[in-house]
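The lines below spell out each chain.
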Amino acid sequence: MADTALTAPPRSPLSQVAGRLAAATRTSGGAIRLAELPFLAQLNVRLDAKGTAAEAVGLALDLQLPLQPNTVVRTGELTVLWLGPDEWLLVGPPGSERELESRIRTAAGDEPVSVTDVSAQRTTLLVAGPRAHDLLAHGCSLDLHPRSFGSGRCAQTTLGRTQVIVVARADSRAGFWVLVRSSFAGYLTDWLLDAATEYV
């Protein structure tokens, strides 16, 4: 019987436009930087924020789950985004999904917890550079200036009519992550590249 296992390496949703993103970065003269950060591990975690599982999971991940709306906690290679009073998105390095899920489930023990691997659901765009917040402002109603949306902030919003999660990185020079559903990633990239023509 023939081996029918898939052997092709995984392809990111934006692999075919990596060159266009790099070209826009080069021609902007440093004003903006656009790139895909493919294959980041993404786990949707739901549990009682006031229960014992929340503290145990935080200890297992070596971080405290953010409890304030639209905030982010980072430690090492892990980033946790507050999505709701009992919901978080854990983002980690590529390939770490199973290990992170195991740590969460082990830490929670018998406490109710939901852990869903949503890594294939979204991809991540890096939008950085001194004009990054100006670029995003073309299609996002949030004030993304560092004084209003600085490090440690995230929001579920729309960008260019596409639902996204925007994350302010560690400092204003690091720019933003824009997490977008894979099926809309091509459209949003075209929108960003079109909006970026102002800076090239």
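Above this note sits the structure.
Conventions and cut-offs
Residues numbered from 1 in each chain as written. Predicted model: local features only at pLDDT ≥ 70, side-chain atom pairs only at ≥ 80, totals over all residues. Heavy atoms only, no water. Helix = DSSP H or I, 4+ residues; strand = E, 2+ residues; numbered from the N terminus. Buried < 20%, exposed > 50% of the residue type's maximum accessible area, 1.4 Å probe, protein only. Pairing = 2+ DSSP bridges. Axes fitted to C-alpha atoms, helices over the stretch in contact; angles between N-to-C directions. Contact = heavy atoms within 4.5 Å.

**Student:** Sorry if this is basic, but what is going on with unusual backbone geometry here?
**Tutor:** Comment: phi is negative for the bulk of residues other than glycine, and the bulk of peptide bonds are trans. Here F39, not a glycine, exhibits a phi torsion of approximately 65 degrees, which is positive. Relative to the helices and strands, F39 is located in the loop between strand 1 (33-37) and strand 2 (41-47). Under the relative-accessibility criterion, F39 is labelled partly exposed at 40%. Phi at D62 takes a positive value of approximately 65 degrees, unusual for a residue other than glycine. Looking at where D62 falls in the secondary structure, it is placed in the loop between helix 2 (52-61) and strand 3 (72-75).

**Student:** Just checking my understanding: could you explain the sheet that holds strand 1 for this structure?
**Tutor:** Whenever strands of a sheet pair, they do so through backbone hydrogen bonds, lying parallel or antiparallel. If you trace the 5 strands from one edge of the open sheet to the other, you get 1-7-10-9-8, paired in antiparallel fashion. The sheet terminates laterally at strand 1 and strand 8 (154-159), the two strands that pair on one side only. Direction aside, the axes of adjacent strands within the sheet are offset by 30 degrees on average. Sheet analysis places strand 8 next to strand 9 (residues 162-168), joined by 6 bridges and oriented antiparallel. Residue pairing across strands places T158 opposite Q163, the latter belonging to strand 9. Each of strand 1 and strand 7 (122-128) is contacted by helix 1 (residues 18-27), which is oriented at about 155 degrees to strand 1, the strand it contacts most. Helix-sheet contacts for helix 5 (residues 182-195) involve strand 1, strand 7, strand 8, strand 9 and strand 10 (176-181), and the interaxial angle to strand 10 is about 135 degrees.

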